[in-house]
Amino acid sequence: MIDAAVSGISPNVNCLEGKRCPKCGSYGPFEIAVSMRVLLYDNGTNSAEDDASEYGEQARTKCYSCRHEGQFGDFDE
Ligand SMILES: [Zn+2]
């Protein structure tokens, strides 16, 4: 398998399309600080919908490869 960061060809076609670490060039994965909606019950159980997480261009983002931190918008190619 060709290393995407070396080839310069983005493998991302979905949530990370157009995203790349501005420091090391990694195409992900990235850790993103999201806000999330859950259905919380009095006894502590909760459930989350598949689309319950929310993040925007200002979300705190950390590169999994080099640990560079910035905003999600900073990771645009
Ligand atoms: Zn990086």
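Preceding this paragraph is the structure being described.
Residues numbered from 1 in each chain as written. Predicted model: local features only at pLDDT ≥ 70, side-chain atom pairs only at ≥ 80, totals over all residues.

**Student:** Sorry, what's going on with unusual backbone geometry here?
**Tutor:** When glycine is set aside, most residues are seen to have a negative phi, and most peptide bonds are trans. That bond from Gly 28 to Pro 29 is cis: its omega, 5°, falls within 30 degrees of zero. With respect to the secondary-structure elements, Pro 29 resides in the loop between α1 (4-7) and β1 (30-32). In this model, Arg 67 sits at a positive phi of 70°, which is unusual for a non-glycine residue. If you trace the backbone, Arg 67 turns up in the loop between β6 (60-63) and β7 (69-71). A count of 11 C-beta atoms within 10 Å places Arg 67 in the exposed class. (Helix = DSSP H or I, 4+ residues; strand = E, 2+ residues; numbered from the N terminus. Buried ≥ 20, exposed ≤ 12 C-beta atoms within 10 Å, placed from the backbone.)

**Student:** Would you explain the sheet that holds β7 in this entry?
**Tutor:** Sheets are built from strands paired through backbone hydrogen bonds, the pairs being either parallel or antiparallel. Across the sheet, three strands lie side by side as β1-β6-β7; this open sheet has antiparallel pairing. At either margin of the open sheet sits one strand with a lone partner, and together these are β1 and β7. Looking at each pair of strands side by side, their axes are set apart by 30° on average, direction ignored. As paired strands, β1 and β6 are joined by three bridges and run antiparallel to one another. Following the sheet pairing, Ile 32 is matched in β6 by Thr 61. (Pairing = 2+ DSSP bridges. Axes fitted to C-alpha atoms, helices over the stretch in contact; angles between N-to-C directions.)

**Student:** Looking at this structure, how should I read the pairing of β6?
**Tutor:** Burial along β6 is one-sided: Thr 61 and Cys 63 are buried, while Arg 60 and Lys 62, pointing the other way, are not. Hairpin connection, β6 to β7: the antiparallel pair is bridged by five residues, and Arg 67 has positive phi, about 70°.

**Student:** What am I meant to see in the environment of Pro 22 here?
**Tutor:** Tracing the backbone through its elements, the reader meets Pro 22 in the loop between α1 and β1. Spatially, the C-alpha atoms of Pro 22 and Asn 43 are 44 Å apart, while their sequence positions differ by 21 residues.

**Student:** Looking at this model, I keep getting lost on the environment of Gly 28. Mind explaining?
**Tutor:** Mapping Gly 28 onto the fold places it in the loop between α1 and β1. Looking at Gly 28, the number of C-beta atoms within 10 Å reads 21, which means it is buried. Between the alpha carbons of Gly 28 and Ala 52 there is a distance of 21 Å; along the sequence they are 24 residues apart. Apart from residues no more than four positions distant in its own chain, Gly 28 is found in contact with Asn 12, Leu 16, Lys 19 and Tyr 64. (Contact = placed C-beta atoms within 7 Å.)

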